[in-house]
Amino acid sequence: MSEQNLLKTPLFALHVELGAKMVPFAGYEMPVQYPMGVKKEHEHTREAAGLFDVSHMGQLKLHGPQAASLLEQLVPVDIQDLPLGKQRYALFTNDQGGILDDLMVANFGDHLFVVVNAACKDQDIAHLRSHIGEQATIEVLDDRALLAIQGPKAAEVMARINPELARMVFMDAGVYELLGIECMVSRSGYTGEDGYEISVPAADAERFSRELLKHEEVAFIGLGARDSLRLESGLCLYGHDIDTTTSPVEASLLWAISKSRRQDGERAGGFPGAATILEQIRTKEVSRKRVGLKGEGRAPVREGTELVDADGKVIGQVTSGTFGPTAQVPVAMGYVATEYAAVGSEVFAMVRGKPLKMTVAAMPFVPQRYYRG
Amino acid sequence: MSQIPSELKYVSTHEWIRTEDDGTVTIGITDHAQELLGDVVYVEVPEEETSLASGEEAGVVESVKAASDIYSPLSGDVVEVNTALADAPELVNQDPYGAGWIFRLRPTDPDELEDLMDAEAYAELCEEEE
């Protein structure tokens, strides 16, 4: 895509004003970092409150009395019993049992609010329309910005704006008035920290952001730090750690498959690739698994790096990797042959021709600090 | 605007070179290079006593964003490396012409010194690349 065709979020001018370095990402011109720099932005989010423009992501509403049961036909997740005012992580699967996208679904009562990845949104919308578009109304909210405020000070800041937000716990979702603007708010995020994601009308996004920036704890954070934050937190990045060739079982996302949709569940199967995925759950037989990897020293082990065993035989590949600014060790995730997937297994990453020892480690690499009440 | 000290020499791959009193040269990456890279998280230095040819890969600087090779601007033998970078790679950002130096060479072909860019030529190169 040429630069002329890149889309801009409603906060583009503000990013430029703040000195952000803008880069193409998923068809948008997005801030990769601000003058603070990636490392300090990462640390700021872990210590105070980072503000993220994630307006490139797709925001949708699904309307209609059957919206929940219809969406269930596309995800291995319990949507019908998602309580009012709650949000849940879900996956669109394909007929081969691979992952088309990962998404968030919230029950707002008269509709479901869905957030999908920027790079997948056109395809996701087409997928929804072709499968359930006749029975449910799919409303694309392209007139709204999406902001995330993340970090240990996020709740304190937001409580100054509307004290009701303090009563939300992790994965609660609802409509709240913030600074006179009607917002869709969830207590969730992509950093492992406590915080909120806030959907704001595009026309109000800049004013809303400027108001948040008046709080000394708050600073805008770019995509660079967003990536190291989510990686330290063990969260997958679609297109890197998961894609159409990885099943949820291989991707170690079994936790995201609801009990009710598994074998012997109340609404077992009934999603694309169910036969493959349920069989993998039953037999526990997959040839590779997504694992966390911790390195030694300081050399980052990056996406695409081959993983080998002690004899030099290739046993996997890194899908995301960096030096963890908070973890203070090289952290990565990748796929390894199942026999190497146990925590504590030793593998070697081939970096510039040299084997660097890495240990399969439990994720998250940095403890998550979600607020659960 | 990045700093380009006038007493140093430069090459187009963004290394700087300082000739010491004992005839050795100290090498690092320029302020411009560290700005482009962003926060440095790891520096792979060459091994002491290895012989490097001019333009040969001598190490790697890794930032949060990317890995970038360091090239030896001159032919010579590595006489010392900056071991402080192992624990403090951020020195490359903080003090690229001082504490963030990377390695020292004893040049084996002094004629090569004549081919290096001066500060003015390097400044022009940086501007062209903008």
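Parameters at a glance
Residues numbered from 1 in each chain as written. Chains lettered and ligands numbered in written order. Predicted model: local features only at pLDDT ≥ 70, side-chain atom pairs only at ≥ 80, totals over all residues. Heavy atoms only, no water. 1 Å grid on protein atoms, 1.4 Å probe; cavity = no way out; pocket = protein on both sides within 12 Å on 5 of 7 lines; lining within 4 Å. Points joined across faces, edges and corners; volume = space filled by probe spheres on them. Helix = DSSP H or I, 4+ residues; strand = E, 2+ residues; numbered from the N terminus. Nonpolar A, V, L, I, M, F, W, Y, C, P; charged D, E, K, R; others polar. Pairing = 2+ DSSP bridges. Buried < 20%, exposed > 50% of the residue type's maximum accessible area, 1.4 Å probe, protein only. UniProt positions renumbered as here; feature names shortened; annotations may be inferred. Domains from an automatic or database assignment. Contact = heavy atoms within 4.5 Å. Buried area = accessible area lost by both parts, 1.4 Å probe.

Regarding empty space enclosed by the protein
Residues and elements named next belong to chain A.
Phase 1 of the analysis: Counted by the stated rule, this structure contains 2 cavities of 30 Å³ or more.
Phase 2 of the analysis: When its volume is computed, the largest cavity comes out at roughly 50 Å³.
Phase 3 of the analysis: Elements represented by at least two residues in the lining of the largest cavity include exactly β7 (111–116), β11 (181–186) and β12 (195–201).
Phase 4 of the analysis: Its residues assigned to classes, the lining of the largest cavity shows 6 nonpolar, 3 polar and 1 charged.
Phase 5 of the analysis: Volume-wise, the second largest cavity comes out at about 30 Å³.
Phase 6 of the analysis: What lines the second largest cavity is Pro31, Phe52, Asp53, Val54, Ile221, Gly222, Leu223 and Arg226.
Phase 7 of the analysis: Of the residues that constitute the lining of the second largest cavity, the class distribution is 5 nonpolar, 1 polar and 2 charged.

Considerations on the sheet that holds strand β1 (residues 9–10) of chain B
Residues and elements named next belong to chain B.
Phase 1 of the analysis: If you walk across this open sheet you meet the 6 strands as β1-β2-β3-β9-β8-β5, and the pairing is antiparallel. The strands lining the two open edges of the sheet, one partner per strand, are β1 and β5 (51–52).
Phase 2 of the analysis: Two elements, strand β2 (residues 15–19) and strand β3 (residues 25–29), share 5 bridges in a ladder whose sense is antiparallel. Residue Glu15 lies in a different strand from β3, and its bridge partner there is Ile29.

Comments concerning the pairing of strand β6 (residues 99–107) of chain A
All names here are of chain A.
Phase 1 of the analysis: Among the 9 residues in β6, 9 count as buried, and that is most of the element.
Phase 2 of the analysis: The pairing of strand β5 (residues 87–93) with β6 spans 7 bridges and is antiparallel. Pairing of Phe92 across the sheet is with Asp101, part of β6.
Phase 3 of the analysis: In this structure, the hairpin formed by β5 and β6 is closed by a connection of 5 residues, where Gly97 is found at a positive phi of approximately 90°.

Here we look at the UniProt feature "domain: Aminomethyltransferase C-terminal" (unreviewed entry) in chain A
Phase 1 of the analysis: Mapped onto the present numbering, the UniProt feature "domain: Aminomethyltransferase C-terminal" (unreviewed entry) falls at residues 288–366 of chain A.
Phase 2 of the analysis: Annotation note: span residues 288–366 of chain A, helix share 0%, strand share 54%, distance between end C-alpha atoms 24 Å.

Quick look at the domain arrangement of chain A
All names here are of chain A.
Phase 1 of the analysis: According to the domain assignment, chain A contains domain 1 (3–56 + 142–232) and domain 2 (287–364).
Phase 2 of the analysis: The C-alpha centroid of domain 2 is placed 31 Å from the C-alpha centroid of domain 1.
Phase 3 of the analysis: Between domain 1 and domain 2, the residue contacts involve 7 residues of the former and 11 residues of the latter.
Phase 4 of the analysis: In this assembly, domain 1 packs against domain 2 so that about 740 Å² is buried in total across both faces, 65% of it on carbon and sulfur atoms.

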